[in-house]
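Coordinate inspection notes
This is what each chain is made of:
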Amino acid sequence: MKVSKFGGTSVASAEQFKKVAQIIKDDPERKVVIVSAPGKRFSGDTKTTDLLIEFGEKILRNENVENELLEIINRYDNIATELGINNGVIAEITANLHALRELDRSNNQRVMDRIKASGEDNNAELFAAYMNHLEIEASYVNPQEAGIVVSDEPGNAQVLPETFENLKKLKLRSGVLIIPGFFGYSPDGELVTFSRGGSDITGSIVAAGVGATLYENFTDVDSVFSANPAVVENPRAIEELTYKEMRELSYAGFSVFHDEALIPAFRAEIPVCIKNTNNPSARGTFVVLERNYEKNPIVGIASDSGFCSIHVSKYLMNREVGFGRRLLQILEDEGLSYEHMPSGIDETSVILRERQFNNNDTETRVMERIRSELQVDSVTIKRNQAMIMVVGEGMTHQVGISAKATAAFARADVNIEMINQGSSEVSMMFAVQENDAAEAVRSLYKEYYGENVETDGLIQEVLEIK
Ligand code: ASP
């Protein structure tokens, strides 16, 4: 049994619904289907989830939402009309959407989660209706009925272990099962969504639970590329990469796959592949446990912006037992999560996502607390940073990989503000100023993949010594 997840663009219009139905018909092993909410139909279009967020925010501000409601209903209605589905499903979806205006408003986050989740929920209902219209045995399965139990963290749920056992019963059901992605239910029965893009997570959880032979993640590109095509012209397609590499790349800005989606499939050893709904015969990219590292020690180069780093310095920091813990305790008290923490003898930097400081008070308070509670010599914050990740498990087996990276930065005339490499050697992280990131990525790409890139003397020497 395969679990196939279709992302927003794959289920955005009647034309896309037809392609998805054909893909399912083509392979009887595709028994469980996870759908996103209707995504963008063309560049400049708005995702249904974004429409729903606006709708929800207006409801919470007690504003008129007639226009938003109509626009959302139209997204489903247009699909149904074009496909000739007239079995009452649109009346049901319309009623569901109207009912969202009447939700209990005592908890804003709950209201938002209910509204956001309706995007996938209604689309799953509609897709199941379409399959039945095509006389294919299929049924809509709500995540609660499927047994997807998650932590009660609105907008940021995590799957709870009992889910995997619960999902096993799906194997006994006949026909194609259509499950909405993006949400589950807390142990108390509250609907809770994953973070944005979370239908990938649902797919992975379900694939692990039913013990799928393959988890197919259908999107709108033939494969994952080794660099962002918006930055590097015609980057190489990745045929195969490991779970760890995929996780690093998605975490660091590759938007093809949610960075939290791999773990459930990985733990259950379910192979994952990323395929194109618009070109299903293309092989796609396979995510595997191990690959041959010789040819491509580096699988991809990612970059993500929106980071800041807090730089703390204090003489004899190295001898002060518990300094790091106290510093991190301040961040924990303020509800901040950090990404990296490279340190020196008398100094340490903590890198965080800048958006966590949208509220200026938090930044001022954190800086003040570090200054006064830790008695530091100085604490400064640097904004507008980008993190560039050079990812590839093959770097464990090869000498000279980081020499190439630093040479690439030098060639692009980009100053590296920080370097971090975990001991597992899956990736190297470089912090640079945001406006240098694209140039640096291009130079790195050339260094690792370019055919006619001249290597300078130093690198050549290093490689020869090896
Ligand atoms: N529709 C949700 C979003 O746009 C979840 C998803 O598509 O995976 O974030």
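Basis of the calculations
- Residues numbered from 1 in each chain as written.
- Predicted model: local features only at pLDDT ≥ 70, side-chain atom pairs only at ≥ 80, totals over all residues.
- Heavy atoms only, no water.
- UniProt positions renumbered as here; feature names shortened; annotations may be inferred.
- Axes fitted to C-alpha atoms, helices over the stretch in contact; angles between N-to-C directions.
- Helix = DSSP H or I, 4+ residues; strand = E, 2+ residues; numbered from the N terminus.
- Left-handed = near helix turned anticlockwise from the far one by under 90°.
- Contact = heavy atoms within 4.5 Å.
- Nonpolar A, V, L, I, M, F, W, Y, C, P; charged D, E, K, R; others polar.
- Near = heavy atom within 4 Å.
- Polar contact = N/O pair within 3.5 Å; in protein donor to acceptor, adjacent residues only side chain to side chain.
- Areas by Shrake-Rupley, 256 points an atom, 1.4 Å probe, with all protein chains shown as cover.
- Buried < 20%, exposed > 50% of the residue type's maximum accessible area, 1.4 Å probe, protein only.
- Pairing = 2+ DSSP bridges.
- Salt bridge = Lys/Arg side-chain N within 4 Å of Asp/Glu carboxyl O.

- Per an unreviewed UniProt entry, the protein goes by the name Aspartokinase and belongs to Bacillus solimangrovi.
- Looking at the protein in UniProt, the text filed under Catalytic activity (unreviewed entry) is "L-aspartate + ATP = 4-phospho-L-aspartate + ADP".

**Examining the packing of helix α1 (residues 14-26) against helix α5 (residues 108-133)**
- Two elements in contact, α1 and α5, have axes whose closest approach is 11 Å; the angle formed by their N-to-C orientations is 65 degrees. In the packing of α1 onto α5, the handedness of the crossing is right-handed. Of the residues in α5, those in contact with F17, K18, V20, A21 and I24 of α1 are N123, L126, F127, Y130 and M131.
- Per-class residue counts for the contact of α1 with α5 are 8 nonpolar, 1 polar and 1 charged.

**A short note on the site of the ligand**
- Taken together, S36, K47, T49, E120, F182, R196, G197, G198 and S199 make up the full set of residues adjacent to the ligand.
- Within the contact set of the ligand, a nitrogen atom lies 3.1 Å away from a side-chain nitrogen or oxygen of E120.
- Calculation on the ligand without its partners gives an accessible area of 260 Å², and the protein chains cover 94% of this total.
- Residues of the shell around the ligand, tallied by class, amount to 1 nonpolar, 5 polar and 3 charged.

**What to know about the UniProt feature "binding site: ATP" (unreviewed entry) in the protein**
- Look at the UniProt record and you will see "binding site: ATP" (unreviewed entry) annotated at K5, F6, G7, G8, T219 and D220. In terms of the greatest pairwise C-alpha distance, the residues named above, spread along 216 residues, form a tight cluster of at most 12.1 Å across.
- K5 gets classed as buried once you look at its relative accessible area, which sits at 6%.
- Beyond its immediate sequence surroundings of up to four residues, K5 is in contact with I34, S36, S199, D200, Y215, E216, N217 and F218.

**Thoughts on the sheet that holds strand β2 (residues 30-35)**
- Strands sit in the order β3-β4-β2-β1-β7-β11-β12-β10 across an open sheet of 8 strands; the sheet is mixed. The sheet is open, and its two borders are formed by β3 (138-140) and β10 (240-242), each paired with just one other strand. Along the sheet, successive strands turn relative to each other by an average axial angle of 20 degrees, direction set aside.
- Where strand β11 (residues 272-276) meets strand β12 (residues 285-288), 3 bridges bridge the pair, whose relative direction is antiparallel. Bridge assignment links I274 to a residue of β12, and that residue is T285.

**Things to note about the sheet that holds strand β14 (residues 338-340)**
- Strands sit in the order β14-β15-β13-β16-β18-β17 across an open sheet of 6 strands; the sheet is antiparallel. Of all the strands in the sheet, the pair left with one neighbour each is β14 and β17 (418-421). Between one strand axis and the next, the sheet turns by 40 degrees as a mean value, whatever way the strands run.
- Sheet strands touched by helix α9 (residues 243-251): β13 (300-313), β14, β15 (347-353), β16 (378-391) and β18 (427-433). Its angle to β16, the strand with the most contacts, is close to 135 degrees.

**Examining the pattern of salt bridges**
- One pass over the full model with this rule turns up 30 salt bridges.
- Ionic pairing is found between R75 and D45, a salt bridge with its closest N-O pair at 3.7 Å. Of this pair, R75 sits in helix α3 (residues 66-83) while D45 sits in the loop between β2 and α2 (48-60); the two residues are 30 residues apart in sequence, bridging distant segments of the chain. In terms of burial, R75 and D45 fall into one category: buried.
- Where E63 meets R61, a salt bridge forms, and the shortest distance between an N and an O atom there is 2.8 Å.
- Within this structure, D333, E334, R365, R369 and E373 form a network of salt bridges that share partners.

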